[in-house]
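Architecture at a glance
The lines below spell out each chain.
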Amino acid sequence: MDLAVRLRELLGPEGVLTAPADIAPYLVDHRRLYQGASPAVVAPASVADLQRLLAWCSETATPVVPQGGNTGYCGGATPDESGRQLVLSLRRLNRVRAVDPANFCLTVEAGCLLAQVQAAAAAANRYFPLSLGSEGSCQIGGNLATNAGGTSVLRYGMTRDLTLGLEVVLADGRLLSSLSPLRKDNTGYDLKGLFVGSEGTLGVISAACLKLYPAQRSTATAWVSIADPAAAIQLLGRLREGSGDRASSFELVPHVALELVLAHVPATRSPGTAHAPWYLLIELTSSASEDLQAVLEAALGRAIESGLVQDAAVARSEQQRADFWRLRESVPEAQRRAGGSLKHDVSIPVAAMPEFILRGARLVEQLAPEGYLIAYGHVGDGNLHFNLNQRPGADSAAFHAREAPLKRAIHDLVAELSGSFSAEHGIGRLKVGELERYAQPLELELMRGIKRLLDPQGIMNPGKVLRRPGS
Ligand code: FAD
Ligand code: 2HG
Ligand code: ZN
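Rules used in this analysis
Residue indices follow the written sequence of each chain, beginning from 1 at its first position. The order in which chains are written sets their letters, starting at A; the order in which ligands are written sets their numbers, starting at 1. For this predicted model, a pLDDT threshold of at least 70 governs which residues receive local features, and a threshold of 80 or more governs which side-chain atom pairs are given and counted, while totals over whole chains, interfaces and linings are taken from all residues. Processing note: side-chain calculations cover all non-hydrogen atoms of the structure and skip hydrogens and water entirely. Only runs of H or I of at least four residues qualify as helices and only runs of E of at least two qualify as strands under DSSP, and these elements are numbered from the N terminus. Values of the radius of gyration come from C-alpha atoms, whereas the globule rule sets the reference at 2.2 Å times the count of residues to the power 0.38. Remark: exposure states derive from per-residue accessible area (1.4 Å probe, protein chains only) relative to the maximum for the residue type, with buried under 20%, exposed over 50%, and partly exposed in between. Contacts are assigned to residue pairs that have any heavy atoms within 4.5 Å of one another. Residue exposure ignores everything except the shown protein chains as possible cover, and the areas themselves are Shrake-Rupley values with a 1.4 Å probe. Charge assignment: positive for Lys and Arg, negative for Asp and Glu; neither His nor the chain ends contribute. By convention, charge coordinates are those of NZ in Lys, CZ in Arg, CG in Asp, or CD in Glu. Only a single heavy atom is needed: when it lies within 4 Å of a molecule or strand, its residue is near that molecule or strand. Definition of a polar contact: a pair of N or O atoms within 3.5 Å, with one able to donate and the other able to accept a hydrogen when the atoms are protein atoms, and with sequence-neighbouring residues admitted only if both atoms are side-chain atoms. Classes in brief: Ala, Val, Leu, Ile, Met, Phe, Trp, Tyr, Cys and Pro nonpolar; Asp, Glu, Lys and Arg charged; the others, Gly included, polar. To define a nonpolar core, start from buried Ala, Val, Leu, Ile, Met, Phe, Trp, Tyr and Cys residues and group those joined through side-chain atoms within 4.5 Å. A 2.8 Å cut-off from the metal defines N, O and S donors, relaxed to 3.2 Å for Na, K and Ca; water is not in the atom list, so some sites may appear incomplete. The rule for a salt bridge is simple: a side-chain nitrogen of Lys or Arg has to be within 4 Å of a carboxyl oxygen of Asp or Glu. Side-chain rings of Phe, Tyr and Trp (the six-membered ring for Trp) are treated as a pair once their centres are within 6.5 Å; stacked means planes under 30 degrees apart, edge-to-face means over 60, and tilted covers the remaining angles.

Okay, the overall build of the chain next. Regarding its fold elements, the chain presents 17 helices and 19 strands. Against the globule reference of 23 Å for 471 residues, the chain gives a C-alpha radius of gyration of 23 Å, in line with a compact fold. Expressed as lengths along the three principal axes of its C-alpha atoms, the size of the chain is roughly 75 × 55 × 45 Å. The burial tally for the chain puts 52% of its 471 residues in the buried class. Intrachain contacts of the chain at a sequence separation of at least 6 include 74% that bridge at least 24 residues. A total accessible area of about 19600 Å² is found for the chain, and carbon and sulfur atoms account for 52% of it. Computing the positive centroid from 46 side-chain charges and the negative centroid from 48, the chain places the two 2 Å apart.

Structure (structure tokens):
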């Protein structure tokens, strides 16, 4: 039987797209690194449909690539070039099943946008802390599948830390349902934990029970000028101690990134602080009604007196706070608008961050003279986006030819400093070789064993995270 006809039998006419114009947006990743091909995009509207679909895929050995908001950075949600892999869009599985303020949790389906989950929590006077620049388009299922980080990890952890329970459809269509809101449950192995960060290679996350917190009542946000990353790390320690550990965001932005944002991104304005080589965007938050602005001002005042901080502006209005955040969150967009870029999503123990930036910058100068460094990100978590943009007028082919040797040097330096070559963006297709190089053989052996157990036919997102056997 014709594939499209069979899929429509399984999912109904609205659940299957085959026209080239309709499926085109699903076949390319956000960074436009990969252009795939597929016979169809399938979008089940219920978990039962999803189960039927995967059971059929398993019977027919049809490979499937789960796709959420398609904002991932490693090509994980893009089918390969074979034209055999179905794209499985979770967009129609988007119900908020339950909000449970008494148990400080909510249960949502995988296709809910992250912003929708935040809003559902807020409507119940609760707070869901996961926050990313892509929150208007990424899905909670994608966040879980990549174990996304973002801008409040310092205080609340990564997506894994916010996960209480998961519902997963296995490769053969069986349902693993553990949507329990329990905070304590030591009944054997943590099966749900396997699926967080598994990037669609072990099963399809269909729903999740997630942690909520009391609504935030007080916020203070500052844009801070500093001389170097060492000052950032010192200030982080002082601020955590001096604010009762209320720092929830601690983001580093170099001057070159600020300039790029102001030049390329509409509706951005200068923060108004003294020019400096580096800036911090700092936010303190609390669920109590308290004067956090005074706490932040006092801490920054002391830091200015001691010479640690050059200048600082504490946001006086919600608009000014939003303006500061727009400067930080627009850096990826500014990088894209400014032309070709190379990216490294690394983490290093926080205290080693200044050494890494110094040595990494030297590597960039030596190995990629056609580019300039834009190192920014979640410095409070030890996570930097150690990125480059092509210099204006530089030869594009020459710039991109630097990618492989530079990546090797940067990732070797990260390994030397006990860091990670993939802090928050995952492995996808892009970093399969890096995982093989930097993971311990025993780790790889166990990962391959888990993959074989849960996906014996290798139909779940083949070639992502782990290379296909024999390829
Ligand atoms: P997709 O890109 O669609 O998929 C990502 C992976 O998850 C793929 O392997 C896919 O197969 C798998 N997958 C998706 N849904 C499911 C499911 N239901 N079940 C099983 N597997 C599934 N990331 C961060 O960590 N921190 C940031 O601060 C951050 N900021 C960003 C800012 C911008 C402007 C952009 C564009 C991206 C940013 N990202 C960030 C990257 C990206 O948004 C995250 O990785 C996000 O979690 C991906 O979600 P998605 O729904 O778009 O997933
Ligand atoms: C961010 O922190 C995202 O803004 C994107 O993780 C990082 O574009 C990047 O390299
Ligand atoms: Zn990031």
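Additional details are given in the paragraphs that follow.
In the neighbourhood of ligand 2, the contacting residues comprise Tyr 73, Arg 328, Pro 332, Lys 343, Tyr 376, His 378, His 385, Asn 387, Glu 424 and His 425. Within the side chain of His 378, a nitrogen or oxygen atom sits 3.0 Å from an oxygen atom of ligand 2. Interatomic distance of 3.0 Å between a side-chain N/O atom of His 385 and an oxygen atom of ligand 2. Contact with the protein chains covers 87% of the free accessible surface of ligand 2, which is 290 Å². Taken together, the elements giving at least two residues each to the shell around ligand 2 come down to β18 (371-378) and β19 (383-390). Considering only residue class, the shell around ligand 2 consists of three nonpolar, four polar and three charged.

In terms of nonpolar packing, the biggest core is built from 48 residues, with Leu 235, Phe 250, Leu 280 and Phe 356 touching the most fellow members. Among the secondary structure elements, those contributing two or more residues to this core are β12 (218-226), α8 (229-242), β13 (247-254), β14 (278-286), α10 (292-305), α13 (353-367), β19 and α15 (403-416). Looking at this core element by element, the count peaks at six residues for α8. Setting aside chain neighbours within four positions, we find Phe 250 in contact with Leu 154, Ala 232, Leu 235, Leu 236, Leu 239, Leu 280, Leu 281, Ile 282, Gly 377, His 378, Val 379 and Gly 380. One finds Val 117, Val 168, Phe 195 and Leu 210 within the second-largest nonpolar core, a separate group that totals 28 residues.

Our next topic: the coordination of the zinc ion (ligand 3). Tetrahedral coordination by four donors sets the ideal angle at the metal to 109.5 degrees; octahedral coordination by six donors sets it to 90 or 180 degrees. Bound to the zinc ion (ligand 3) on the protein side are His 378 (NE2), His 385 (NE2) and Glu 424 (OE), at distances that span 1.9 to 2.2 Å. Ordering the donors of the zinc ion (ligand 3) by residue number gives the pattern H-x6-H-x38-E. Taken together, the residues His 378 in strand β18 and Glu 424 in the loop between α15 and α16 (432-438) connect sequence positions 46 residues apart. In terms of burial, His 378 and Glu 424 fall into one category: buried.

Evaluation of the coordinates by the stated rule reveals 25 salt bridges. The residue Asp 323 makes a salt bridge to Arg 269 at a minimum N-O spacing of 2.7 Å. Of the two residues, Asp 323 sits in helix α11 (residues 318-329) while Arg 269 sits in the loop between α9 (255-264) and β14, which places them 54 residues apart along the sequence. When the shortest N-O distance is used, the salt bridge between Glu 283 and Arg 321 registers 2.9 Å. Here Glu 283 is found in strand β14, whereas its partner Arg 321 is found in helix α11, with 38 residues between them in sequence. Taking the relative accessible area as the measure of exposure, Glu 283 reaches 5% and is therefore buried. In this structure, a network of salt bridges that share partners links the residues Arg 95, Arg 97, Glu 109 and Glu 167.

By the definition in use, this model includes six aromatic pairs. Measuring from ring centre to ring centre gives 5.7 Å for Tyr 127 and Tyr 156, while their planes differ by 65°; the resulting arrangement is edge-to-face. In this pair, Tyr 127 is assigned in strand β7 (residues 126-127) and Tyr 156 in helix α6 (residues 153-156), connecting sequence segments 29 residues apart. Overall, the relative accessible area of 21% leaves Tyr 127 in the partly exposed class. Residue class for Tyr 156 comes out buried when judged on its relative accessible area of 11%.

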